[in-house]
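One-letter residues, chain by chain:
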Amino acid sequence: DAGITQSPRHKVTETGTPVTLRCHQTENHRYMYWYRQDPGHGLRLIHYSYGVKDTDKGEVSDGYSVSRSKTEDFLLTLESATSSQTSVYFCAIRAGQGTDTQYFGPGTRLTVL
Amino acid sequence: AQSVTQLDSHVSVSEGTPVLLRCNYSSSYSPSLFWYVQHPNKGLQLLLKYTSAATLVKGINGFEAEFKKSETSFHLTKPSAHMSDAAEYFCVVSERNYGQNFVFGPGTRLSVLP
């Protein structure tokens with residue numbers, strides 16, 4: 001257990017509304033990640049952060065933004081949700097010996113109607 | 001750039017028989033390789049990892065994987081399947097020089113028949 005929580009765990013929203021997902025960690029890890037999981041695609045990286053206010057884009061960043069104002073929190077925002085963003089979203093931190101292992105939060109299931 | 005291929009989208013075995021989940025990778029640098037398991041409606045749990053020490057890696061729940069550089073493979077095995085092994089399994093590659101990038105395979109769903 002890497003002390004990662006995600007909120008909310010489930011959310012249903014309508015097309016065009018803004019949505020923010022929160023990832024919280026308790027162990028002061030530098031690297032944090034947001035992924036989406038869709039059938040047949042595994043997990044795909046949306047954005048990641050390598051420190052407070054330091055973020056970068058991943059493979060599927062269009063339509064998403066992130067912010068990290070504190071080490072422990074990494075926020076993912078959908079400015080105007082679309083049905084194609086219906087997915088399960090996972091947050092991860094990077095930790096372990098050599099700091100090259102990811103540990104995942106429990107996930108957020110987002111449905112955009 | 002790294003990439004991962006999981007050769008089977010679905011594997012079905014009988015309880016008590018061996019499990020083989022296949023993974024091939026592509027990497028320009030010395031890779032780290034991982035297997036994660038995801039039970040239905042759950043998060044991802046690390047099964048095992050390879051980071052350039054022993055090429056045969058032992059993980060949790062009796063799983064192991066062997067890193068074969070010449071074949072660019074990292075197949076996951078278990079001698080005897082248990083019903084509780086039914087889950088989705090993901091192979092992941094990370095290039096240690098660029099360790100912020102972890103690339104996932106599409107996953108293999110393992111079914112265990114009684």
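One structure accompanies this document, and this report is about it.

**Examining the overall build of chain B**
Helix and strand content of chain B: 0 helices and 12 strands. Traced from its N-terminal end to its C-terminal end, chain B shows the element sequence β-β-β-β-β-β-β-β-β-β-β-β. In summary, chain B has a C-alpha radius of gyration of 13 Å against a globular reference of 13 Å for 114 residues, a match within 12%. Overall, the C-alpha framework of chain B stretches about 45 × 30 × 20 Å when taken along its three principal axes. Across the 114 residues that make up chain B, the buried fraction comes to 43%. Considering only contacts within chain B whose residues lie at least 6 apart along the sequence, 58% involve residues at least 24 apart. Accessible surface, chain B as shown: approximately 5,400 Å² in total, 50% of it carbon and sulfur. If the 9 positive side-chain charges of chain B are averaged to one point and the 8 negative ones to another, these points end up 5 Å apart.

**A closer look at the overall build of chain A**
When helices and strands are counted, chain A shows 0 helices and 11 strands. The secondary structure elements of chain A, listed N-terminal to C-terminal, are β-β-β-β-β-β-β-β-β-β-β. Relative to the 2.2 N^0.38 estimate, which gives 13 Å for 113 residues, the radius of gyration of chain A is 13 Å and therefore close to what a compact globule would have. Projected onto its principal axes, the C-alpha positions of chain A cover 40 × 30 × 25 Å. Here chain A holds 113 residues, and the buried ones make up 50% of them. Here the contacts in chain A between residues at least 6 apart in sequence split such that 54% fall between residues at least 24 apart. Of the roughly 5,300 Å² that chain A leaves accessible, carbon and sulfur atoms contribute 47%. When the 12 positive and 12 negative side-chain charges of chain A are each reduced to one mean point, those points stand 2 Å apart.

**Topic: the side chain of Q102 of chain A**
One can find Q102 of chain A in strand β10 (residues 101–104). Using a relative accessible area of 0% as the deciding quantity, one classes Q102 of chain A as buried. A polar side-chain atom of Q102 of chain A sits 2.9 Å from a polar atom in the side chain of Y35 of chain A. In this structure, Q102 of chain A is in contact with Y33, Y35, A92, I93 and R94 of chain A together with Y36, F102 and F104 of chain B, ignoring residues within four places of it in sequence.

**Considering the interface of chain A and chain B**
Residue-level contacts link 20 residues of chain A with 19 residues of chain B. Across the interface of chain A and chain B, roughly 1,500 Å² is buried in total on both sides, 54% from carbon and sulfur atoms. Among the residues of chain A in contact with chain B, L43, D100 and F104 of chain A are the three that bury the most area, contributing 31% of the side total. The interface formed by chain A and chain B contains 0 salt bridges. Across the contact surface, chain A and chain B share 4 residue pairs in polar contact (both at pLDDT 80 or more). For the side of chain A that touches chain B, the secondary structure elements donating two or more residues are β4 (32–38), β5 (42–51), β9 (87–95) and β10 of chain A. Looking at which element gives the most residues to the side of chain A that touches chain B, the answer is β10 of chain A, with 4 residues.

Rules used in this analysis
Residues numbered from 1 in each chain as written. Chains lettered and ligands numbered in written order. Predicted model: local features only at pLDDT ≥ 70, side-chain atom pairs only at ≥ 80, totals over all residues. Heavy atoms only, no water. Helix = DSSP H or I, 4+ residues; strand = E, 2+ residues; numbered from the N terminus. Rg over C-alpha atoms; globule rule 2.2 N^0.38 Å. Buried < 20%, exposed > 50% of the residue type's maximum accessible area, 1.4 Å probe, protein only. Contact = heavy atoms within 4.5 Å. Areas by Shrake-Rupley, 256 points an atom, 1.4 Å probe, with all protein chains shown as cover. Lys, Arg positive; Asp, Glu negative; His and termini not counted. Charge placed at Lys NZ, Arg CZ, Asp CG, Glu CD. Polar contact = N/O pair within 3.5 Å; in protein donor to acceptor, adjacent residues only side chain to side chain. Buried area = accessible area lost by both parts, 1.4 Å probe. Salt bridge = Lys/Arg side-chain N within 4 Å of Asp/Glu carboxyl O.

Read these as geometric descriptors, not functional statements.
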